[in-house]
Amino acid sequence: MALILGIESSCDETAVAVIDGAGTTLAARIIAQRVASQDDEHRPYGGVVPEIAARAHAETLAPMVGAVLADAGLALADMDAIAATAGPGLIGGVMVGLVTAKALAMAADKPLLAVNHLEGHALSARLAEPDLAFPYLLLLASGGHCQILEVRGLGQYRRLATTIDDALGEAFDKTAKILGLGFPGGPAVERLAREGDPKAVPLPRPLLGSAEPHFSFAGLKSAVMRAHDAGIHKPEDIAASFQQAAIDCVIDRTRRALERAGEVTALVVAGGVAANASLRAALTGLAQGAGLPLVAPPPKLCTDNAAMIGWAGAERFAAGLTDPLDVLARPRWPLDPDAEPVRGAGVKA
Ligand code: KG4
Ligand code: ZN
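Notes on the structure follow.

1. Quick word on helix α10 (residues 277-289)
Alright, step 1. The terminal C-alpha atoms of α10 lie 19 Å apart, and with 13 residues this matches the ideal 18 Å at 1.5 Å per residue to within 8%.
Alright, step 2. Looking at the buried positions of α10, the neighbouring elements they touch are β6 (136-141), α9 (235-260), β9 (267-270), β10 (294-295) and α11 (299-302).
Alright, step 3. Where α10 starts, the residue carrying a side-chain oxygen 3.0 Å from the main-chain nitrogen of S278 turns out to be N276.
Alright, step 4. After α10 finishes, the residue G291 shows a positive phi value of roughly 70 degrees.

Here you go:
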């Protein structure tokens, strides 16, 4: 057994897990996990308020560590290492999680693993699918990020695409806000879209067909706003048409990235938006056409959780990649630091 305590606190989920890095199935790997969402705290503001998030993590985290260890029937002393998200994310929350992990590591004399939250998402597919081998093409779509990466190995990423404006999850959240669906927005848009006609509202597909596989969603968001303000469309038709337009963009961009990538073993989708069933269905079709399997972790491992952080920690631990106790929390931490910045909307390359 290689037992890792994982901690996640980079946005609005407080999460703790105990992972067995030596487990050969998903069920054997996740020994215990809990996720506490802060939806109720942030709902009155229509989005995540960093200060409120940090305070809520500070309140919830330490008791949750005790509860998850109890769920697992294990003690801190049984752990082989302590892993926590060290960035990127809302810095107050990241600090709460990382400092807690440092204290636990010090108290129990265990190694610390400072995990990149994005690497947690990237490797969640290997947690769920033990046979998934490097290299694979990863669509990482969350509230803060929308990227396509070639995952070559642990810590080895080549970014093929990113968004020049909004992330995909952000576009879902803004559409939800425009339609008055409340917070969190992605799942609410998906639910409403099931009742609507995806062809009812003509909406743009930004960057469709463009040479580089980058994303852009700001124009789509503005078009949703105009469609709503026109007052002639049913909300469910706007939701369905938005979701369809967004998925059309993602499929086109991912197809382009597949053309650009080297040989890969699979197409993988991860991050919160990967919980969306219509997106998963569309990506399954794309992967089949390319002769690749689609690997999509179960929805609960797509949205923020600590199992993916514990798992990324377990992979790093197995590779001997532990971190010193003075490692810093990082608000920004790209997976591919060599990727060139992309030109923003309106700037011609
Ligand atoms: O990975 P995640 O939990 O947190 C970040 O690291 O950002 O992703 C959260 C994002 C939010 O924008 C949320 O609206 C979106 O994922 N999301 C969804 C769905 N579930 C979560 N978007 C579309 N459909 C869903 N079912
Ligand atoms: Zn995330």
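2. Some thoughts on the site of ligand 1
Alright, step 1. Lining the immediate surroundings of ligand 1 are 18 residues, of which G143, D173, G186, E190 and D304 lie closest.
Alright, step 2. The separation between an oxygen atom of ligand 1 and a polar main-chain atom of G144 is 3.5 Å.
Alright, step 3. Separating a nitrogen atom of ligand 1 from a side-chain N or O atom of E190 is a distance of 2.8 Å.
Alright, step 4. In the complex, 89% of the free accessible area of ligand 1, which totals 550 Å², lies under the protein chains.
Alright, step 5. Secondary structure elements with two or more residues in the shell around ligand 1: α5 (117-128), α6 (168-178) and α7 (185-193).
Alright, step 6. Of the residues belonging to the shell around ligand 1, the class tally is five nonpolar, ten polar and three charged.
Alright, step 7. Both of domain 1 (3-123 + 301-318) and domain 2 (134-297) provide at least three residues apiece to the shell around ligand 1.

3. Side note on the coordination of the zinc ion (ligand 2)
Alright, step 1. Around the zinc ion (ligand 2), the donor atoms from the protein are H117 (NE2), H121 (NE2) and D304 (OD), and they sit 2.1 to 2.2 Å away.
Alright, step 2. Along the chain, the residues donating to the zinc ion (ligand 2) fall in the pattern H-x3-H-x182-D. Separated by four residues within a single helix, H117 and H121 lie in helix α5, roughly one turn from each other. Neither H117 nor H121 differs from the other in exposure class; each is buried.

4. Some thoughts on the side chain of T163
Alright, step 1. With respect to the helices, strands and loops of the structure, T163 is situated in the loop between β8 (156-161) and α6.
Alright, step 2. Engagement of the side chain of T163 in a polar contact is seen with the backbone nitrogen of D165, the distance being 3.1 Å.
Alright, step 3. A polar atom in the side chain of T163 sits 3.4 Å from the backbone oxygen of F215.
Alright, step 4. Excluding anything up to four places from it in sequence, T163 contacts C146, F215, S216, F217 and V342.

5. Some thoughts on the sheet that holds strand β2 (residues 13-20)
Alright, step 1. Across the sheet, five strands lie side by side as β3-β2-β1-β4-β5; this open sheet has mixed pairing. Two strands close off the open sheet at either side, each with one partner strand: β3 (30-37) and β5 (112-116). Strand-to-strand twist of the sheet, defined as the mean angle between neighbouring strand axes without regard to direction, takes the value 20 degrees.
Alright, step 2. One ladder, built from four bridges, connects strand β1 (residues 3-8) with strand β4 (residues 81-87); its direction is parallel. Bridge pairing in β4 links L5 to I82.

6. Some words on the pattern of salt bridges
Should the charged atoms of two oppositely charged side chains come close, the side chains can pair.
Alright, step 1. Applying the stated criterion across every chain yields a total of 14 salt bridges.
Alright, step 2. Two residues, R205 and D248, come together in a salt bridge whose shortest N-O distance is 2.9 Å. Of this pair, R205 sits in the loop between α7 and α8 (218-230) while D248 sits in helix α9, and the two are 43 residues apart along the sequence.
Alright, step 3. Of the charged contacts in the structure, one is a salt bridge between R253 and D252, with a shortest N-O distance of 3.0 Å.
Alright, step 4. Taken together, the shared-partner salt bridges in this structure form one network comprising D166, E170, K174 and K221.

7. Here's the deal with the nonpolar core
Alright, step 1. Formed by 49 residues in total, the largest nonpolar core has its most connected members in L137, L168, L203, F215, F217, F242 and L283.
Alright, step 2. Among the elements that take part in this core, α9 stands out by supplying twelve residues, more than any other.
Alright, step 3. Those residues in contact with L168 that lie beyond four places of it in its chain are A141, S142, C146, F217, A246, V250 and V273.

8. Overview of the pairing of β6
Alright, step 1. Most of β6 sits inside the fold, with six of its six residues counted as buried.
Alright, step 2. Covered by surrounding structure in β6 are Y136, L138 and L140 together with L137, L139 and A141, the residues of both alternating faces.
Alright, step 3. Both β6 and strand β7 (residues 146-153) contribute to a ladder of six bridges, which runs antiparallel. Looking across to β7, one finds that L138 is bridged to L149.
Alright, step 4. Hairpin connection between β6 and β7: a loop of four residues separates the two successive antiparallel strands.

9. What to know about the packing of α8 against α9
Alright, step 1. As a packed pair, α8 and α9 sit with axes 11 Å apart at the nearest point and diverge in direction by 165 degrees. When the interaxial angle is binned, α8 and α9 end up roughly antiparallel. Where α8 crosses over α9, the handedness of that crossing is right-handed. Here L220, V224, A227 and H228 of α8 come into contact with α9, specifically with I238, F242, A245 and A246.
Alright, step 2. When its residues are assigned to classes, the contact of α8 with α9 shows seven nonpolar, one polar and no charged.

Conventions and cut-offs
Residues numbered from 1 in each chain as written. Chains lettered and ligands numbered in written order. Predicted model: local features only at pLDDT ≥ 70, side-chain atom pairs only at ≥ 80, totals over all residues. Heavy atoms only, no water. Helix = DSSP H or I, 4+ residues; strand = E, 2+ residues; numbered from the N terminus. Expected span 1.5 Å × (residues − 1). Contact = heavy atoms within 4.5 Å. Polar contact = N/O pair within 3.5 Å; in protein donor to acceptor, adjacent residues only side chain to side chain. Near = heavy atom within 4 Å. Areas by Shrake-Rupley, 256 points an atom, 1.4 Å probe, with all protein chains shown as cover. Nonpolar A, V, L, I, M, F, W, Y, C, P; charged D, E, K, R; others polar. Domains from an automatic or database assignment. Donors = N, O, S within 2.8 Å, 3.2 Å for Na, K, Ca; no water. Buried < 20%, exposed > 50% of the residue type's maximum accessible area, 1.4 Å probe, protein only. Pairing = 2+ DSSP bridges. Axes fitted to C-alpha atoms, helices over the stretch in contact; angles between N-to-C directions. Salt bridge = Lys/Arg side-chain N within 4 Å of Asp/Glu carboxyl O. Core = buried A, V, L, I, M, F, W, Y, C linked by side-chain atoms within 4.5 Å. Parallel < 35°, antiparallel > 145°, perpendicular 65-115°, else oblique. Left-handed = near helix turned anticlockwise from the far one by under 90°.

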